[in-house]
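# Structural characterization, general
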2 protein chains.
Amino acid sequence: MPLKAIAFDAYGTLFDVYSVGALAEDLFPGKGAQLATIWRDKQIEYTRLRNMCEQYADFWQVTGDALDYACEALEQDLTPDARDRLMGQYAELSAFRENAEQLKRLQGAGIAMSILSNGTPWMLDQAVKASGLEGYFDHVLSVDTVKRFKTAPEAYQMGPDTFDCDAGEILFVSSNCWDICGATWFGYRTIWLNRYGLPLERLGVEPHRIGSSLQDVADYAVELIT
Amino acid sequence: MPLKAIAFDAYGTLFDVYSVGALAEDLFPGKGAQLATIWRDKQIEYTRLRNMCEQYADFWQVTGDALDYACEALEQDLTPDARDRLMGQYAELSAFRENAEQLKRLQGAGIAMSILSNGTPWMLDQAVKASGLEGYFDHVLSVDTVKRFKTAPEAYQMGPDTFDCDAGEILFVSSNCWDICGATWFGYRTIWLNRYGLPLERLGVEPHRIGSSLQDVADYAVELIT
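Scoring rules and cut-offs
- Residues numbered from 1 in each chain as written.
- Chains lettered and ligands numbered in written order.
- Predicted model: local features only at pLDDT ≥ 70, side-chain atom pairs only at ≥ 80, totals over all residues.
- Heavy atoms only, no water.
- Helix = DSSP H or I, 4+ residues; strand = E, 2+ residues; numbered from the N terminus.
- Rg over C-alpha atoms; globule rule 2.2 N^0.38 Å.
- Buried < 20%, exposed > 50% of the residue type's maximum accessible area, 1.4 Å probe, protein only.
- Areas by Shrake-Rupley, 256 points an atom, 1.4 Å probe, with all protein chains shown as cover.
- Lys, Arg positive; Asp, Glu negative; His and termini not counted.
- Charge placed at Lys NZ, Arg CZ, Asp CG, Glu CD.
- pLDDT = per-residue confidence, 0-100.
- Contact = heavy atoms within 4.5 Å.
- Buried area = accessible area lost by both parts, 1.4 Å probe.
- Salt bridge = Lys/Arg side-chain N within 4 Å of Asp/Glu carboxyl O.
- Pairing = 2+ DSSP bridges.
- Axes fitted to C-alpha atoms, helices over the stretch in contact; angles between N-to-C directions.
- Parallel < 35°, antiparallel > 145°, perpendicular 65-115°, else oblique.
- Left-handed = near helix turned anticlockwise from the far one by under 90°.
- Core = buried A, V, L, I, M, F, W, Y, C linked by side-chain atoms within 4.5 Å.
- Least-squares fit on C-alpha atoms with pLDDT ≥ 70 in both.
- Domains from an automatic or database assignment.
- Polar contact = N/O pair within 3.5 Å; in protein donor to acceptor, adjacent residues only side chain to side chain.

## Thoughts on the overall build of chain A
Within chain A, the secondary structure is distributed over 10 helices and 8 strands. In terms of C-alpha radius of gyration, chain A reaches 17 Å, essentially the compact-globule figure of 17 Å for 226 residues. Projected onto its principal axes, the C-alpha coordinates of chain A cover approximately 55 × 40 × 30 Å. When the 226 residues of chain A are sorted by exposure, 58% land in the buried category. A total of about 9100 Å² of accessible surface is found on chain A, and carbon and sulfur atoms cover 46% of it. In chain A, which carries 19 positive and 33 negative side-chain charges, the distance between the mean positions of the two groups comes to 3 Å.

## Quick notes on the confidence of the model for chain A
When pLDDT is averaged across chain A, the result is 96; 100% of the residues are at 70 or more. Reported confidence for the predicted complex is 0.96 by ipTM and 0.96 by pTM.

## Thoughts on the interface of chain B and chain A
Opposite the 28 residues of chain B that make contact, chain A presents 28 residues. Taken together, the two surfaces of chain B and chain A that pack against each other cover about 2800 Å², and 60% of this comes from carbon and sulfur. Ranking the residues of chain B by area buried against chain A places M52, W185 and R202 of chain B at the top, with a combined share of 26%. Applying the counting criterion to the chain B and chain A interface returns 6 salt bridges.

## Re the pattern of salt bridges
Counted according to the given criterion, the structure contains 28 salt bridges over all chains. Across the pair E72 of chain B and R202 of chain A runs a salt bridge whose closest N-O atoms are separated by 2.9 Å. Here E72 of chain B, found in helix α3 (residues 59-73), pairs with R202 of chain A, found in the loop between β7 (189-193) and β8 (209-211), and the two come from separate chains. By relative accessible area, which is 27% here, R202 of chain A ends up partly exposed. The residue E154 of chain B makes a salt bridge to R148 of chain B at a minimum N-O spacing of 3.5 Å. Note on E154 of chain B: relative accessible area 37%, which makes it partly exposed.

## Observations concerning unusual backbone geometry
Residues and elements named next belong to chain A. Cis rather than trans, the peptide bond between K150 and T151 has omega equal to 20°. Relative to the helices and strands, T151 resides in the loop between β5 (139-142) and α7 (153-156). Its identity is not glycine, yet E54 carries a phi of approximately 50°, on the positive side. As for its position among the elements, E54 is in the loop between α2 (32-52) and α3 (59-73).

## A few points about the sheet that holds β7 of chain A
Residue and element names in this part refer to chain A. Strand order in the open sheet made by the 6 strands is β5-β4-β1-β6-β7-β8, with parallel pairing throughout. Among the strands making up the open sheet, the edge pair consists of β5 and β8. Averaged over all pairs of adjacent strands, the angle between strand axes in this sheet comes to 25°, irrespective of strand direction. Here strand β1 (residues 5-8) runs beside strand β6 (residues 170-174); their pairing, made up of 4 bridges, is parallel. Within β6, the position partnered with A7 by the bridge is F172. Here helix α6 (residues 121-130) sits on the sheet in contact with β4 (112-117) and β5, set at roughly 140° to β5.

## Quick look at the packing of α2 of chain A against helix α2 (residues 32-52) of chain B
Running from N to C, α2 of chain A and α2 of chain B point in directions that differ by 45°, and their axes come no closer than 10 Å. On the basis of their axis angle, the class for α2 of chain A and α2 of chain B is oblique. Taken as a pair, α2 of chain A and α2 of chain B cross one another with a handedness that is left-handed. Where α2 of chain A approaches α2 of chain B, its residues E45, R48, L49, N51 and M52 of chain A are matched on the opposing element by E45, R48, L49, N51 and M52 of chain B.

## Quick notes on the sheet that holds strand β1 (residues 5-8) of chain B
All names here are of chain B. Reading across the sheet, the 6 strands line up as β5-β4-β1-β6-β7-β8 and stay open at both edges, with parallel pairing between neighbours. Here the strands that pair on one side only, and so sit at the sheet edges, are β5 (139-142) and β8 (209-211). Across the sheet, the axes of successive neighbouring strands diverge by a mean angle of 25°, strand direction being ignored. Sheet topology places strand β7 (residues 189-193) next to β8; 3 bridges connect them, and they run parallel. In the sheet register, I191 faces β8, and the bridge partner there is R209.

## Observations regarding the nonpolar core
In terms of nonpolar packing, the biggest core is built from 157 residues, with F8, F15 and W39 of chain A together with F8, F15 and W39 of chain B touching the most fellow members. With sequence-adjacent residues up to four places away left out, F15 of chain B is seen in contact with A10, L93, S94, F96, I115, A127, V128, S131 and L133 of chain B.

## Re the relation of the copies chain B and chain A
Between chain B and chain A, which share one sequence, the superposing operator has a rotation angle of 180° and an axial displacement of 0.0 Å; the RMSD is 0.0 Å. Accordingly, the operation relating the two chain copies is best matched by a two-fold axis. Taken together, the interface assignments show that 100% of the residues at the interface of chain B recur at the interface of chain A, consistent with an identical surface on both copies.

## What to know about the domain arrangement of chain A
All names here are of chain A. Taken domain by domain, chain A holds domain 1 (5-15 + 94-225) and domain 2 (17-91). Across the boundary between the two partners, domain 1 contributes 21 residues, which contact 16 residues of domain 2. When domain 1 packs against domain 2, the two sides together hide about 1600 Å² of surface, and 63% of this comes from carbon and sulfur. Looking only at domain 1, the three residues that lose the most surface to domain 2 are Y11, M123 and F149, adding up to 39% of its buried area. The tally of links between domain 1 and domain 2 comes to 0 salt bridges. The interface formed by domain 1 and domain 2 contains 5 residue pairs in polar contact (both at pLDDT 80 or more). It is α6 that contributes the most residues to the side of domain 1 that touches domain 2, 5 residues altogether.

This is how it looks when you write it as structure tokens:
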């Protein structure tokens, strides 16, 4: 099938969430990395538990809940000020270094682009602005519209609905392998942006392509339209 | 509502999965604890991803897939023999020390009891035998019957269907807080067996009771019927 559009995951894929870990280390010396890991793991876990039990709460709420859990698990006192600063990082993320150049290249090739993220509209709006990626995306899709987090089919369905085409005509891009597995099962063409050299998830499904930077994504997309 | 029955989660709740970690340490010195943690985390993660994407595979398959992932993530060579031995541990689990006495007490009080687990019927059958807990359970319920893992409503529905009563008339027992949150949302009366002093999950829902051993569970159940 010909390529009609690209849908990008946001956190970890377009936006570098590393700064969250650095601030956590400033606030909780010696515990920053561990806190950032538990925070992220719980954030994702809570989206899945809420999905399975039909107990949606938006990603900002879930992110705050996960932070509270992480601090209690590590027996760290989370002051209101520290909480505000850590949560505020989600509004101040930077883009990965290569992003702007590759997004410009894709835009120049005439490919429609969107974000498709678990984040709330407000979180995504802030992140797009803070990372200097305004102007590249035709759509910024938040699962908050359908009240189901990825990897629920209702979340992935936003892509085909928005671009009015089959999922197989959209290239889905994520650095999260679980997201790529879900998107592949759903029917997207997929490229896993394996930035950190992780093993493939053992779920009996594989992405159509694996890359390590947004340049690989752009190369693949250009290959698909020519 | 009066108490009609008790439904127990299996792994970690009735059966001690510690032996898995000990064997992992024998096989991969210095990496056993880490391997057991990644293995368990991935096992649970895969049940959720498969649930959300309607891609059921049974718990034996998922457990093996998670083991393969864990070994690759830690760059450990998993020989067929080592794989067989680690997987075989699931058929050789021991019960927690206090179990038999407390289950006997509950049986004596005339309370119907079941297991309700993600495990396959074969895995549960083996674990009940190996741990010496035969004869206590009126039903051993495996989600394999409905092809949906906990915390999906279809999995929890097996309790009320089996005992022909409301979920609120069944006491659900698990050492996994996420399982307890799911069961509480579903409508069970719940007690979280917090064996390891973990924080409560931040999901906006709380168990009806928290205990630290099966004696607390039995105390609570007896309280509910008297």
